[in-house]
Amino acid sequence: MNTGILYAALAYVAWGLFPLYFKQVADVPSLEVVMHRTLWSLAVVLGLLAVRRQWAWMASVVRQPRVLGAFALSAVLLSGNWLTYVWAVQNHHVVDASLGYFILPLVNVALGFVFLRERPRPGQWLAVAVAAAGVLWLAVQAGRPPWIALVLALTFGFYGLLRKVAALGALEGLTLETLMLAPVAAVVLAWWSWQGQGALVQGDLSTVGWLLLAGPMTAVPLLLFAAGARRIPMSTLGILQYISPSLQFALGVWVYNEAFQPARLVGFVLIWAALVVYSVEGWWARQRAVLA
């Protein structure tokens, strides 16, 4: 449990700081950024497999259509999440993106309850209810459905569920996902380059270097997340996720000076209060277990 919490927390810290990276490639279209993320992430995980000489699983996976189908779905969810997030950051919606990841814990708890038969304790349900009130307040203040937030929360929530019950480990699963996405990314990038378009042809060395860095920056947090997701309950995973949007929110408001109406602060305070409730309840439950 403690190892899983550490892995997940490190992944969420990395994701929380991602706006700093994507602002460096703000001149590159979001779809192109996602394609580079896919290709260079694949290069990283293939390198890790080569070092570990960990290839045997591929032969067995190709004979399991159900596993291939599940990972094809997780690959689609992952790429959709990437595209939405990069677009949001590049178009000055970092705060809206942070709202999506504040909603995500509610999605995780619901998915764990419905699909994995996890049964949160009353104190955990209280934390979820407080967080839900905060999300509802934010949606009302916006005056419209928070589409960016909902897409981010739902795509990554279902992605996390699929990875938790996946037949493959963290490294193998990410390799299979990027293998499925890479052919499309490679063909499109090659076509753009042939037409004299895209960062590989028109970008300077700094831009190309930042795009190459997308590989390790994408692969490492995903591997940490997948390893953590397999070791801890979905509800715990959901609450740890507050680390990421809190960092994103801080960057959006205080670094990138995005508009933030004072009334919205009520919603964020409710969500942060939910984190405190959940953490205290979890600590108290562990203490009772030790004393018993």
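Note that the coordinates shown come from a computational prediction; the quantities given were computed from them, not determined experimentally.

Conventions adopted
Residues numbered from 1 in each chain as written. Predicted model: local features only at pLDDT ≥ 70, side-chain atom pairs only at ≥ 80, totals over all residues. Heavy atoms only, no water. Phe/Tyr/Trp six-rings, centres within 6.5 Å; stacked < 30°, edge-to-face > 60°. Helix = DSSP H or I, 4+ residues; strand = E, 2+ residues; numbered from the N terminus. Buried < 20%, exposed > 50% of the residue type's maximum accessible area, 1.4 Å probe, protein only. Expected span 1.5 Å × (residues − 1). Bend = angle between axes of the 7 residues up to and from the residue. Salt bridge = Lys/Arg side-chain N within 4 Å of Asp/Glu carboxyl O. Axes fitted to C-alpha atoms, helices over the stretch in contact; angles between N-to-C directions. Parallel < 35°, antiparallel > 145°, perpendicular 65-115°, else oblique. Left-handed = near helix turned anticlockwise from the far one by under 90°. Contact = heavy atoms within 4.5 Å. Patch = residues over 30% accessible without salt bridge, like charges linked within 9 Å, V, L, I, M, F, W, Y side chains within 5 Å. Areas by Shrake-Rupley, 256 points an atom, 1.4 Å probe, with all protein chains shown as cover. Polar contact = N/O pair within 3.5 Å; in protein donor to acceptor, adjacent residues only side chain to side chain. Lys, Arg positive; Asp, Glu negative; His and termini not counted.

Undergrad: Can you tell me about the packing of aromatic side chains, naming the residues and giving the values?
TA: Scanning the entire structure with this criterion turns up 19 aromatic pairs. Between Phe102 and Phe268, the aromatic rings sit 5.2 Å apart at their centres with planes inclined by 80°, giving edge-to-face as the arrangement. On the criterion of sequence distance, the pair formed by Phe102 in helix H6 (residues 94-115) and Phe268 in helix H14 (residues 264-291) is long-range, its members being 166 residues apart. Judged by centre distance (5.5 Å) and plane angle (70°), the rings of Phe249 and Trp272 are edge-to-face. With a gap of 23 residues between them, Phe249 in helix H13 (residues 243-255) and Trp272 in helix H14 connect regions that are remote in the sequence. A residue is classified by how much of its surface remains accessible, and Phe249, at 4% relative accessible area, is buried. Of the residues examined, Trp272 reaches a relative accessible area of 27% and is grouped as partly exposed. Three or more aromatic residues joined by ring pairs make a cluster, and in this case those are Phe18, Tyr21, Phe22, Tyr85, Tyr101 and Trp210.

Undergrad: Break down helix H11 (residues 205-229) for me, citing the residues and quoting the values.
TA: With 25 residues, H11 should reach 36 Å at 1.5 Å per residue; the first-to-last C-alpha distance of 37 Å fits that figure. Considering bend angle alone, the principal kink of H11 is centred on Leu213 and spans about 25°; proline Pro216 follows within four residues of it.

Undergrad: Can you explain the pattern of salt bridges? Please cite residues and give values.
TA: Inspection of the entire model under this criterion finds three salt bridges. A salt bridge links Asp96 to Arg264, with the nearest nitrogen and oxygen atoms 3.9 Å apart. Of this pair, Asp96 sits in helix H6 while Arg264 sits in helix H14, and the two are 168 residues apart along the sequence. A relative accessible area of 19% places Asp96 in the buried class.

Undergrad: Explain the packing of H6 against helix H8 (residues 147-164) to me, using residue names and the numbers behind them.
TA: Contact pair H6 / H8: the axes reach a minimum separation of 7 Å and the direction vectors enclose 40°. Regarding the angle of H6 to H8, the classification is oblique. In this structure, the crossing between H6 and H8 has a hand that is right-handed. Residue-level contacts link Asp96, Ala97, Leu99, Gly100, Tyr101, Ile103, Leu104, Val107, Asn108, Leu111 and Phe115 of H6 to Ile148, Ala149, Leu150, Leu152, Ala153, Leu154, Phe156, Gly157, Phe158 and Leu161 of H8.

Undergrad: Please give an account of H13 that cites residues and values.
TA: For H13, built from 13 residues, the straight-helix expectation of 18 Å at 1.5 Å per residue is met to within 8% by its first-to-last C-alpha distance of 17 Å. Inspection of H13 places Ser244, Pro245, Gln248, Phe249, Leu251, Gly252 and Val253 among the buried residues, and these make up the whole buried set. The inward-facing, buried residues of H13 contact helix H1 (2-16), helix H2 (18-22), helix H5 (65-90), H6 and H14. Directly beyond the C-terminal end of H13, a positive phi value near 55° is found at Asn257.

Undergrad: Can you break down a nonpolar patch on the surface residue by residue, with the values?
TA: Taken together, the side chains of Phe113, Val114, Phe115, Trp125, Trp147, Leu150, Leu154 and Phe158 present a nonpolar region at the surface, about 800 Å² in accessible area. Looking at the nonpolar patch, the elements with two or more residues in it are H6 and H8. Per-element tally for the nonpolar patch: the top contributor is H8, with four residues. Relative accessible area serves as the criterion here: at 35%, Phe158 is assigned to the partly exposed category.

Undergrad: Go over unusual backbone geometry with me, naming the residues and quoting the values.
TA: One non-glycine residue, Arg53, lies in positive phi territory at about 50°. For Asn257, which is not glycine, the phi torsion reads 55° and is therefore positive. Looking at where Asn257 falls in the secondary structure, it is placed in the loop between H13 and H14.

Undergrad: Residues and numbers for the side chain of Asn81, please.
TA: Locating Asn81 in the fold gives a position in helix H5. You can call Asn81 buried: its relative accessible area is 3%. Side-chain polar atoms of Asn81 contact the backbone oxygen of Leu152, separated by 3.2 Å. Beyond its immediate sequence surroundings of up to four residues, Asn81 is in contact with Tyr101, Leu152, Thr155 and Phe156.

Undergrad: Give a description of the side chain of Glu258 that names residues and reports values.
TA: In this fold, Glu258 is placed in the loop between H13 and H14. Put simply, Glu258 is tucked away with no salt bridge, and the nearest opposite charge, on Lys23, sits 5.0 Å away. Excluding its chain neighbours within four sequence positions, the residues that come into contact with Glu258 are His92, His93, Val94, Val95, Gly252 and Val253.

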